[in-house]
Every structure is written in structure tokens, then in C-alpha cells.
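Below are the chains, spelled out letter by letter.
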Amino acid sequence: MQTQHVSTPASTRPRAVIFGTDWHTDCDDAVAVRVLAWAQWKGLIRLLGVSIDSAMACSVSSMKAFLEEEQLAGVPVALDHSAFDYGGPAAYQPRLAAGRDREKENREAEESVRMYRRLLAGAEVPVDLIEVGFSQVLAALLLSGPDDLSPLSGEALVASRVGRLWMMGGKWDSETVPEFNFSKTEKARHAIHTVVEKCPVPITFLGFEVAVDILSGTVLNQCTWDDTLRTVLSDYGAADGRPSWDPLLTYLACIGDPERVGFRCACGTASIDPESGCNRLTPSTMGPHSYVVKQQPNAFYRETLDALLLEYSKHLAESKQQAAK
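Starting afresh in each chain, residues are numbered from 1 along the sequence in its written order. Under the rules for a predicted model, residues below a pLDDT of 70 receive no local features and side-chain atom pairs below 80 are neither given nor counted, while totals for whole chains, interfaces and linings still include all residues. As a rule here, side-chain values cover all heavy atoms of the structure and leave hydrogens and water aside.

**Observations concerning the overall build of the chain**
Then step 1. Strands are runs of DSSP state E lasting at least two residues, helices are runs of H or I lasting at least four, and both sets are numbered from the N terminus onward. When its secondary structure is counted, the chain shows 14 helices and 12 strands.
Then step 2. The globule rule puts the C-alpha radius of gyration for 325 residues at 20 Å, and the 18 Å found for the chain is close to it.
Then step 3. Considering only C-alpha atoms, the chain reaches an extent of 50 × 45 × 40 Å along its principal axes.
Then step 4. Within the chain, the proportion of its 325 residues that are buried is 56%.
Then step 5. Two residues form a contact once any of their heavy atoms are found within 4.5 Å. When contacts within the chain are restricted to residue pairs at least 6 apart in sequence, those whose partners lie at least 24 apart make up 82%.
Then step 6. Surface summary for the chain: the accessible area is close to 13,100 Å², and the carbon and sulfur share equals 50%.
Then step 7. In the chain, 31 positive and 42 negative side-chain charges are present, and the distance between their average locations comes to 4 Å. Radius of gyration here is computed from C-alpha atoms only, and the compact-globule reference equals 2.2 Å multiplied by the residue count raised to the power 0.38. Here's how the labels work: a residue is buried when its accessible area is under 20% of the maximum for its type, exposed when over 50%, partly exposed in between, all with a 1.4 Å probe on protein chains only. Areas reported as accessible are Shrake-Rupley estimates using a 1.4 Å probe. Residue values count occlusion only from the protein chains shown. For the charge count, each Lys or Arg is scored as positive and each Asp or Glu as negative, with His and the chain ends excluded. By convention, charge coordinates are those of NZ in Lys, CZ in Arg, CG in Asp, or CD in Glu.

**Here's the deal with the pattern of salt bridges**
Then step 1. The term salt bridge refers to a side-chain nitrogen of Lys or Arg lying within 4 Å of a carboxyl oxygen of Asp or Glu. Following the criterion strictly, the structure yields 18 salt bridges and no others.
Then step 2. Linking Asp235 and Arg95 is a salt bridge whose minimum nitrogen-to-oxygen distance equals 2.7 Å. In this pair, Asp235 is assigned in helix α11 (residues 228-236) and Arg95 in helix α3 (residues 93-96), connecting sequence segments 140 residues apart.
Then step 3. For Asp235, a relative accessible area of 25% puts it in the partly exposed group.
Then step 4. Residue classification places Arg95 among the exposed residues on the basis of a relative accessible area of 55%.
Then step 5. Among the ionic contacts, a cluster of salt bridges with common partners joins Arg34, Glu70 and Asp227.

**Observations regarding the pairing of strand β7 (residues 203-206)**
Then step 1. Alternating residues of β7 divide into Ile203 and Phe205 and Thr204 and Leu206, and every residue in both groups is buried.
Then step 2. Two strands pair under a simple rule: DSSP has to find at least two bridges between them. Sheet topology places strand β6 (residues 162-168) next to β7; 4 bridges connect them, and they run parallel. Pairing of Trp166 across the sheet is with Thr204, part of β7.
Then step 3. Relative to strand β12 (residues 289-294), β7 is paired through 3 bridges, and the arrangement is parallel. What sits directly across from Ile203, in β12, is His289.

**Points about the environment of Ser112**
Then step 1. Among the secondary structure elements, Ser112 is positioned in helix α5 (residues 112-121).
Then step 2. C-alpha separation for the pair Ser112 and Ser276, spaced 164 residues apart in sequence, amounts to 26 Å.
Then step 3. Once residues lying within four places of it in the same chain are set aside, the contact partners of Ser112 are Ser51, Ile52, Ala78, Leu79, Asp80 and Val137.
Then step 4. Only 3.2 Å separates the side chain of Ser112 from the backbone nitrogen of Asp80, close enough to count as a polar contact. N or O atoms within 3.5 Å of each other form a polar contact, as long as, within protein, one can give a hydrogen and the other can take it, and as long as residues adjacent in sequence are counted only when both atoms are side-chain atoms.

**With respect to the sheet that holds strand β4 (residues 110-111)**
Then step 1. An order of β4-β3-β2-β1-β5-β6-β7-β12-β10-β11 is seen for the 10 strands of this open sheet, with the pairing classed as mixed. At either margin of the open sheet sits one strand with a lone partner, and together these are β4 and β11 (279-283).
Then step 2. Relative to strand β3 (residues 77-79), strand β2 (residues 45-52) runs parallel, the two sharing 3 bridges. Counterpart to Ile52 in the pairing with β3 is Leu79.
Then step 3. Orientation is described by axes fitted as lines to C-alpha atoms, over the contacting stretch for helices, and by angles from 0 to 180 degrees between their N-to-C directions. Across the sheet, helix α7 (residues 154-161) lies against β5 (127-131) and β6, angled at about 105 degrees from β6, the strand it touches most.

**So, the pairing of β2**
Then step 1. Burial runs high along β2: 7 of the 8 residues are buried.
Then step 2. One ladder, built from 7 bridges, connects strand β1 (residues 15-21) with β2; its direction is parallel. By the bridge assignment, Thr21 is partnered in β2 with Ile52.
Then step 3. In the classification by handedness, the crossover that spans β1, the intervening helix α1 (residues 28-41) and the parallel β2 is right-handed.
Then step 4. By convention a crossover is right-handed if, when the strands point away from the viewer, the path from the first strand over the helix to the second runs clockwise. Following the chain from β2 across helix α2 (residues 59-69) to the adjacent parallel β3, one finds a crossover that is right-handed.

**Quick look at the nonpolar core**
Then step 1. Think of a nonpolar core as a cluster: buried Ala, Val, Leu, Ile, Met, Phe, Trp, Tyr and Cys residues, connected wherever their side-chain atoms sit within 4.5 Å. One finds Phe19, Trp23, Ile130, Leu229, Leu248 and Phe263 to be the most contacted residues of the largest nonpolar core, which totals 70 residues.
Then step 2. Here this core takes 9 residues from α1, the largest share from any one element.
Then step 3. Each residue touching Leu229, except ones within four places of it in the same chain, is listed here: Ala30, Val31, Arg34, Phe66, Leu220 and Leu309.

**A look at the packing of α1 against helix α14 (residues 298-324)**
Between two packed helices, the angle of one axis relative to the other and the distance separating the axes together describe the packing.
Then step 1. Two elements in contact, α1 and α14, have axes whose closest approach is 10 Å; the angle formed by their N-to-C orientations is 70 degrees. In this view, α1 runs roughly perpendicular relative to α14, as classed from their interaxial angle. The element α1 and its partner α14 pack so that their crossing is left-handed. Counted together, Val31, Arg34, Val35, Ala37, Trp38 and Trp41 of α1 and Leu305, Leu308, Leu309, Glu311, Tyr312, Ser313, His315 and Leu316 of α14 form the full contact between these two elements.
Then step 2. Charged residues are taken to be Asp, Glu, Lys and Arg, nonpolar residues to be Ala, Val, Leu, Ile, Met, Phe, Trp, Tyr, Cys and Pro, and polar residues to be all remaining types, Gly included. Tallied by class, residues from the contact of α1 with α14 come to 10 nonpolar, 2 polar and 2 charged. Should an angle fall under 35 degrees it is taken as roughly parallel, and over 145 as roughly antiparallel, whereas 65 to 115 is taken as roughly perpendicular and any remaining angle as oblique. Crossing handedness is read from the near helix: turned anticlockwise from the far helix by less than a right angle, it gives a left-handed crossing, and turned clockwise, a right-handed one.

This is the structure:
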């Protein structure tokens with residue numbers, strides 16, 4: 001594999017981010033967490049919290065375990081306690097959660113909307129939101145009212161504290177084919193409709209079509225050391241890589257500049273059909289929404305992601321060796 005130059009933003013000041021994930025039926029979420037860990041190690045971001053918006057018996061315990069493996073221990077993990085209705089098997093989370101009190105950690109997890117309101121109310125710098133899962137938590141945040149954490153409504157709180165929302169979702173090369181994150185359930189369809197209609201800050205989307213043919217993670221098979229992410233991919237059945245929807249969106253958000261990552265933006269006003277989940281964009285240079293379009297061959301993005309995955313894997317292995325001395 002050729003080593004691809006990994007972009008870094010012009011500013012070296014870490015950007016505060018909150019990460020939302022459907023930590024459930026796919027493993028590209030775990031690859032996205034590795035990207036977050038790499039970006040925090042590089043000083044590009046400061047991860048304030050993680051929200052799980054597709055729940056199962058070991059949601060919180062497996063996420064906390066993986067964050068600890070990725071040197072992100074102490075990052076708060078919140079849960080949408082009503083999100084046990086998305087279905088699907090848990091392929092890799094049970095192994096991550098082994099030996100932990102799964103029921104207790106789920107039960108005691110902070111409610112996701114409350115975590116968002118708490119972190120945003122206390123933020124002293126603009127916070128970017130990264131969402132690679134379903135949208136019901138963000139919709140509920142926008143519709144939330146004043147509480148003991150802030151006198152502001154959810155919409156006003158987002159307007160005053162959030163810089164941009166970065167979302168993996170939609171199928172922006174088609175107005176008639178719905179994408180999974182936008183259409184999985186009736187709740188998901190209505191939630192993304194609410195987010196697009198009410199979000200008072202810009203939204204940048206990375207659609208299904210961008211990353212479906214960009215496989216990442218195969219590079220970890222080169223490791224001669226243990227790597228938990230490689231085990232996650234293997235448990236899922238993706239030892240030879242998985243489409244890079246979530247990690248590529250997360251990398252884009254961590255860099256914060258689509259052009260530096262090899263994209264151009266199509267700008268306008270997005271709309272979502274709440275009955276089908278289909279999406280469309282009405283072009284406008286002044287629109288609040290955009291989706292990214294690739295300007296490089298797939299190999300460019302794959303090599304970029306694989307380079308940082310392997311770099312951070314080596315960092316983790318070296319850190320463990322140092323700790324063992």
C-alpha cells in the first residue's frame with residue numbers, strides 16, 4: 001500500500017465535537033471511533049461525548065470498553081433509552097463488553113438528549129456535531145425545552161453553541177432510492193425530516209454513494225500485534241474491509257474542510273420525505289445544506305483512511321509496550 005498523505009486542518013486548535021452513533025448492526029461505527037481517537041491524538045479535536053442512538057443489551061458497556069482500548073477513557077457515553085426497537089444482531093459488541101456489568105451500565109447511562117444539552121450549555125467554544133446513525137436524538141434535542149441545564153430551547157441552544165452538523169446519510173445521487181439511516185423505521189424517517197427542517201446551523205452530508213465502494217480496515221491485517229479494531233472487523237465478518245461510510249464522514253468532520261479531504265460540496269436546501277425517507281437537494285449557493293462529491297479516485301480515500309488506521313494501531317501497540325515496562 002502506498003502511504004497517502006493525511007490531511008490536517010490549517011488551524012491546530014482542537015475543535016470540540018460530540019459523536020452520535022447507531023452502535024449496533026454494523027462495524028464501520030467502530031472504525032469511525034478509531035478515526036476520532038486518531039484525531040484527538042493529533043490534536044485536531046476534543047471529543048466531549050458519545051451518544052448511542054440504536055440500543056441493545058450491551059450498548060454502553062461495549063462502547064466504554066472500546067473507548068478505553070482506543071485511549072478515550074473518560075469520555076461520557078449517553079444512551080437513547082427508548083432506542084431498542086431498531087432490530088438486528090450484535091456481532092462484535094458482546095466480546096467488547098465481556099466481564100462488564102452490561103445491565104447496570106445501560107441503566108445508569110445518561111439520557112442522550114440531556115447529555116447534549118449539558119455539554120452544549122457548558123461549552124465555551126463552538127461544538128461540531130457528528131452523526132453517523134439515526135436522527136431521533138438530534139430531533140428530540142431540537143424540540144427540547146428549557147430545563148435546569150439551560151434556559152434556552154433546544155433549537156436556540158444549538159444555534160448558540162453548534163458550529164456545524166456533519167451527517168452520514170442520504171443517497172444524494174437519487175431522489176427515489178431511500179438510504180438506510182434516513183429510512184430504516186418510521187421514527188427514523190420523521191426524525192431526519194425534523195432535523196433538516198429545524199436545524200439552525202449548516203449541515204454537511206456524506207451520502208451512501210460516496211463510500212460504498214471504498215473499503216477500509218484491510219490494512220490492519222498487516223499488524224503483527226493485537227488490535228481490538230481488527231477483532232471487531234473479524235467478528236462482524238469484515239476482515240477484508242468494510243465500506244467507509246462512517247469513518248470517511250468522521251474524518252471529513254475532524255478535518256473540517258471538504259476540499260482538503262478531496263471533496264467538492266453541492267450546496268442548497270435539503271428536504272426529506274417523512275413517509276419514504278427519500279432525500280433531495282434544491283441547489284442554491286446560499287442554502288444551509290450541502291452534500292459532498294468525490295474529486296479523487298476511490299483509492300485516494302481508501303489509502304488515506306488506511307494510513308491513519310495503521311498509524312494509530314502502531315501508536316496503541318507502542319503505548320502498551322511502554323506501559324508494560
